[in-house]
Amino acid sequence: MKKLFEKNEVMFAVVLIIIYVVGSSVILNISDDELVQNIAAAAFNAVMTVFLLVFIRKNALMKHIGLCRSEVSAARMWFYIPLVICAAGSLCFGIGLEMSPTATVFRTVKMLFVGFLEEVIFRGFLFKGISKSNVTRAIVISSVTFGVGHIVNLFNGYDLFYNIMQIIFAVAVGFLLVFIFHRTGSLIACIGFHSLNNCVTGFTTAEYLIKALGSEETASIVLVGVKIVVIVIYMLYVIKLPKRQPTADTTRVH
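Overview of the structure. Every residue gets a number counted from 1 within its own chain, in the order that chain's sequence is written. Local features are withheld for residues below a pLDDT of 70 in this predicted model, meaning they are given only at 70 or higher, and side-chain atom pairs are given and counted only at 80 or more; totals for whole chains, interfaces and linings count all residues. Excluding hydrogens and water, the side-chain values take into account all heavy atoms of the structure.

### Considerations on the overall build of the protein chain
- In terms of regular secondary structure, the protein chain is built from eleven helices and zero strands.
- The secondary structure listing takes helices from DSSP runs of H or I that are at least 4 residues long and strands from runs of E that are at least 2 residues long, numbered from the N terminus. In the protein chain, the succession of α and β elements from N to C terminus is α-α-α-α-α-α-α-α-α-α-α.
- We compute the radius of gyration over the C-alpha atoms and compare it with the globule rule, which gives 2.2 Å times the number of residues raised to the power 0.38. The C-alpha atoms of the protein chain give a radius of gyration of 18 Å, which matches the 18 Å a tight globule of 254 residues would have.
- For the C-alpha atoms alone, the extent of the protein chain along its principal axes is close to 55 × 40 × 25 Å.
- Relative to its full complement of 254 residues, the protein chain shows a buried share of 45%. Three labels apply to residues, based on accessible area from a 1.4 Å probe with only protein chains included: buried if under 20% of the type maximum, exposed if over 50%, partly exposed otherwise in between.

### Some points on unusual backbone geometry
- Here the phi dihedral of Phe-79 falls at roughly 55°; this positive angle occurs in a residue that is not glycine.
- You can see Phe-79 is positioned in the loop between α4 (62-65) and α5 (81-88).
- Non-glycine residue Ala-206 carries a positive phi angle of around 55°.
- Position of Ala-206 relative to the elements: it lies in the loop between α9 (188-200) and α10 (207-213).

### Concerning α5
- Turning to α5, its buried residues number three or more, namely Pro-82, Leu-83, Cys-86 and Ala-87. Angularly, the buried residues of α5 cover 130° about the axis, an arc narrow enough to put them on a single face.
- If you follow the buried residues of α5, they end up packed against α8 (160-184), α9 and α11 (216-240). Here the arc refers to the set of directions running from the helix axis out to each C-beta atom. Contacts were defined at the residue level, with two residues in contact if any of their heavy atoms lie within 4.5 Å.

### Things to note about the packing of aromatic side chains
- Two rings from Phe, Tyr or Trp (for Trp, the six-membered ring) form a pair when their centres are within 6.5 Å of each other. A pair whose planes differ by under 30 degrees is stacked, one over 60 is edge-to-face, and the rest are tilted. According to the stated counting rule, one finds eleven aromatic pairs in the structure shown.
- With 5.4 Å between their ring centres and 80° between their planes, Phe-5 and Phe-12 make a pair best called edge-to-face.
- Geometrically, the ring pair formed by Phe-12 and Phe-55 is stacked, given 5.2 Å between the ring centres and 25° between the ring planes. On the criterion of sequence distance, the pair formed by Phe-12 in helix α2 (residues 9-28) and Phe-55 in helix α3 (residues 34-58) is long-range, its members being 43 residues apart. Of the two residues, Phe-12 and Phe-55, both sit in the buried class.
- Chaining the aromatic ring pairs together yields one cluster made of Phe-5, Phe-12, Phe-51, Phe-55 and Phe-125.
- Criterion for a charge above a ring: Arg CZ or Lys NZ at most 6 Å from the ring centre, at most 35 degrees from the ring normal. The ring of Phe-146 is capped by Arg-123, whose NZ or CZ atom sits 4.3 Å from the centre of that ring.

Given below as structure tokens:
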């Protein structure tokens with residue numbers, strides 16, 4: 001992996017994406033028991049997280065990959081309140097457990113690792129690798145790839161309608177987070193949002209919104225629509241922030 005990273009960071013990211021997607025899909029199909037699925041997925045994600053952290057620290061890639069403090073103050077970033085609204089706002093419309101308490105605990109652990117892994121792979125390695133030649137292309141490819149990549153959930157039992165809504169939301173989120181990373185030089189807020197957003201989905205039922213609108217599909221469209229409006233407004237603000245002064249990339253793999 002070290003030699004691959006040295007030779008081609010984009011290909012390194014692609015290999016990580018393949019391992020992550022295929023591994024996650026295989027684990028989801030090893031059993032019909034939700035508890036077993038979540039325990040196995042949590043273990044798999046934990047192993048990948050440890051591997052990447054060791055690789056990143058050993059090769060002095062913390063700043064390169066964005067595992068560092070933001071170069072823009074939290075106040076200037078509106079204290080990331082729009083991210084909190086997008087991630088946790090749906091809890092206002094109904095709270096409950098989709099599965100047993102034990103399965104929920106392991107699902108939450110799994111999702112915390114997912115937030116780290118997907119940000120480091122898509123916003124970190126993939127974006128950084130492509131941006132060496134073209135930043136605009138890197139923004140588009142890393143964001144769209146992240147969103148469309150969720151289509152794999154369709155093969156893991158997701159309903160087509162909800163999978164499409166998930167992809168639309170993920171593409172929008174992908175663009176917002178890559179702009180935050182590009183402007184601040186840090187993935188910390190992105191990882192925090194991603195983990196929180198994923199964890200919240202296991203506790204929200206949108207019960208009150210469904211009753212008010214008459215169907216789950218309509219409620220989903222409204223929720224995603226409102227979140228995307230918040231994302232677009234915040235993204236336009238982030239885009240207008242002064243660009244960071246470029247610094248020499250002294251990244252080396254030792």
